[in-house]
Every structure is written in C-alpha cells, then in structure tokens.
Amino acid sequence: MATLTATPKRVARRLLASSFVTALATPHGVDRYLELVNPAWSVDDVRARVTDVRHLTDDTVTLTLRPNGNWRGFRAGQFVRFGVEIDGARRTRCFSPASSACRRDGRIEITAKVNPAGEVTRYLKEHARPGLVVTMSQAEGEFALPAERPQRLLLISGGSGITPVMSMLRTLCDEGHTGEVTFLHYNQTADQAPYQEELAALRSNRNVRVLRVYTEAGDGELSGRFSREHLLAAEPRYATAETYLCGPPSLTCAVEDLYRAQGVEERLHTERFTLAAPAAPASPAASGQLSFARSGAVAANDGRSLLEQAEAAGLTPEYGCRMGICFTCTTPKRSGAVRNLLTGELSDEPDEDIQLCVNAPCGDVTLDI
Ligand SMILES: Cc1cc2nc3c(=O)[nH]c(=O)nc-3n(C[C@H](O)[C@H](O)[C@H](O)COP(=O)(O)OP(=O)(O)OC[C@H]3O[C@@H](n4cnc5c(N)ncnc54)[C@H](O)[C@@H]3O)c2cc1C
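Residues numbered from 1 in each chain as written. Predicted model: local features only at pLDDT ≥ 70, side-chain atom pairs only at ≥ 80, totals over all residues.

## Here we look at the overall build of the chain
Regarding its fold elements, the chain presents nine helices and 17 strands. Principal-axis analysis of the C-alpha atoms places the extent of the chain at approximately 60 × 60 × 35 Å. For the chain, buried positions account for 36% of its 369 residues. Within the chain, contacts between residues at least 6 apart in sequence are counted, and of these 64% link residues at least 24 apart. (Helix = DSSP H or I, 4+ residues; strand = E, 2+ residues; numbered from the N terminus. Buried ≥ 20, exposed ≤ 12 C-beta atoms within 10 Å, placed from the backbone. Contact = placed C-beta atoms within 7 Å.)

## Looking at the environment of Val365
Take Val365: it is sitting in strand β17 (residues 359-367). Residue classification places Val365 among the buried positions, given that 24 C-beta atoms sit within 10 Å. Sequence-wise, Val365 and Leu202 are 163 residues apart; in three dimensions their C-alpha atoms are separated by 54 Å. For Val365, the contacting residues outside a window of four places in its chain are Gly288, Leu290, Lys333, Gly336 and Val338.

## Here's the deal with the nonpolar core
Ranked by size, the top nonpolar core spans 58 residues in total, and within it Ile110, Leu154, Leu155, Val165, Met168 and Leu169 carry the most contacts. Here this core takes six residues from helix α5 (residues 162-175), the largest share from any one element. Both domains that meet at this core, namely domain 1 (45-136) and domain 2 (152-271), each give it at least three residues. Within the second largest apolar cluster, 16 residues are counted, among which are Phe292, Leu307, Val338 and Cys357. (Core = buried A, V, L, I, M, F, W, Y, C linked by C-beta atoms within 7 Å. Domains from an automatic or database assignment.)

## Regarding the sheet that holds strand β5 (residues 108-113)
To summarise the sheet geometry, strands pair through backbone hydrogen bonds and adopt either a parallel or an antiparallel arrangement. Taken in spatial order, the six strands make up an open sheet running β4-β3-β6-β1-β2-β5, and their pairing is antiparallel. Pairing within the sheet leaves two strands with one partner each, and these edge strands are β4 (89-95) and β5. Here the strands of the sheet are splayed against their neighbours by 40° on average, with no regard to which way each runs. Pairing analysis gives six bridges linking strand β1 (residues 46-54) to strand β2 (residues 60-67), with the strands arranged antiparallel. Across the sheet, residue Arg49 finds its bridge partner in β2, namely Arg66. (Pairing = 2+ DSSP bridges. Axes fitted to C-alpha atoms, helices over the stretch in contact; angles between N-to-C directions.)

Okay, here's the thing in structure tokens:
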C-alpha cells in the first residue's frame, strides 16, 4: 500500500492542487489519476479507509475509519455523510461518529444498526472489510458539545441513537472533564445494546453515572419506558443540566413533552435519525401530474413527498437522510409548484434545486430525473 509521511504529503497536495497539474489532468480531473495509485487519495475530498470491522451485537456493525488528510475533524455529536459504492452506484447515508473527538490516532468509529429493509447498513454488515475505501463529508450539524463544557450534563439515548452521545461521553472522559455526567441509555434487550463493557468500565470515573434500561429483557439499573421517575432517578437536578438526547421518535417525543411541561425545554438538545411521522401521507385531495423529464415516467400526484413518489414510479434517485438535512436528494425542478413539508413554504420558481425528501408537488410538477 502506497503511503506518504506528513510533510511530503502537504507538498504533494499543494502540487496536485496547482492549476498546472489540474490542466494536465483535464478532462478527467486529478482525483481520477490519484485513485489509480491509492483509492483513499484525493485533492479535496474526504475519503477514509476502513481499518477495523467489529460486530458488537448481532444487528450492528462498527467500522473504524482512517480519514485522509482532507478531514478537518468533528465536534462530539456531529454527523458525517458517508458514501459507499454498492453494485457500481454510490449510496450516501448519515452516521454520527461514536468515537472520541480527541482520539489520538485521528481515526473515527461509526456504529450502524442494521435495518433489515435497508440498503447501506445491510451491505456494511455483510461486506465491509478492512481496506474498503469510503467517502465522507466534513462533519456537520449543530447537535454537538459546546466549546465551554457544561458542569452538569445528562445524555439520553435509545437504540442506535447511542452513537452521538457515546462520542460525547468518550470525549469528556478523554479530556478529563470533571463536571457531572449522567448517561441514560434505553434498549429493548441487553444483548442488542452495543458498548456495554465500555460503559461499565467508564463508571469508574467518579463523575460519571451510567444507567441502562432494557424495555424487554435484561437487568438494567431502571426498568420500563422513559418517565419522570426515570428522569429524577437519573439526574434530579435535570433542570440545571444541559441534556443531549438522541433516539427513536417514541423516546425523543416523550422526553421533549416532559421538558416542555416542566418549562425547561431550552436545556434540551435533540438529534433525530428519522422523522417522527412520514413527511406527508398519500391524500385523495392531491391533484396534478408528476413528470420525470429524463426518464419519461409520469405519475398522478398522490400528495406524498417527491422522493416517495419517484420511488413508487420505479425510479431510484439518490437520497441520504430522508428528512431534509443532508441535501443528497437535491434535484433540479423544471416547472411547477412544490410545498416544503417541514416549513409549509411554497415555491414555484422554474429551474430551481429542491430536496425531494421534504417537498411535495402542488399540481403539475416536472423534475429533471
Ligand atoms: C444525523 C443522522 C445521524 C445518523 N447516525 C446514525 C448512526 O450513527 N448509526 C445508525 O445506525 N444510523 C444513523 N443514522 C441513520 C442512517 O443514516 C440510515 O438512515 C439508517 O442507517 C438506514 O440506512 P439503510 O441504507 O440501511 O436503509 P435505507 O436503504 O435508507 O432504508 C431506510 C428506510 O427507508 C425507506 N425506503 C428505502 N428505500 C425505499 C424505497 N425505494 N421506497 C420506499 N421507501 C424506501 C424504508 O422505510 C426503509 O426501511 C443517522 C441519520 C441521521 C439523519
């Protein structure tokens, strides 16, 4: 495997980014030639090589990644858009690194929960091996530990939502943070919950409390579903703690309702991996026709998002988060009006870029797919 040490790497990157080399590489681009030597090399893009694959539970896969020199690091809690080639097509999904943001070797770790109906997580579970090269965006998102670490923190997660708060906990421990940190994690069963041994070991930090709750099977410190009693048992002074929450809609909604009822919602910071409900259900009141100009497909508008209607018409547009945050599904709209399902905003400009996952047609719409 070709490798370069730090200083020659910087010089090589400057040289490769020069207009002279760019002109020489036209029309293919410099990256096309670099990839022939090492698929993880790129002038501007972040790429990462998988260095380790672990299966902490039956339905998860944990990858350790070594990003190339274009990676600028992340704040604990943020996510990356992660791309992997499957059957010749690049598929992009969001993943929140679970590793410490100050890990000495610069590597990051992602843990993906396998969705049995999903494309990328199933592929990673079955096929990811050390040596696989993937693409990544720079880290994104506002769900992150603030630069000034709060003196009292409550981290609440459920299921796969453990990843961003695990990163926060690991980062705080690596930094030697002395404030109080409570980690409250929900899972259906103990054997489905990753990071159990590490969480048990982190309890030896005097300022860290770990409470695990298994809603179906397993001995945790608490039992049942999230409630005010759980909150009081975990952190009686939650009203003065900064709370970071990530999990399935049933958990995030329950915590949000309780914080709102107590008037302390400004203390709560929430990350979501999916929308609580479909962006828009099919509706008999929807009208007009959806035309896909490049493929020639047409469909009667049924009111759902453009992404769902395109998929129902047999098309396979690229998407990432399916909830409006990653912009992977952004597509040119040639004509017609669409309504943003999150904001209600109407938009009828011709030839504009729109996100397929959170826009629905209002009448006739033509898309450039
Ligand atoms: C900010 C953020 C951070 C995240 N971090 C993590 C993380 O750390 N760990 C983790 O496990 N997950 C994380 N996720 C979720 C992750 O991005 C993926 O959505 C999830 O892993 C499923 O991906 P998949 O490719 O396996 O499933 P997909 O192939 O995307 O399928 C997911 C669902 O989409 C629907 N769908 C897919 N294709 C179609 C179709 N053709 N027609 C109709 N419906 C369809 C189905 O309901 C399916 O069950 C995060 C998401 C976000 C937004």
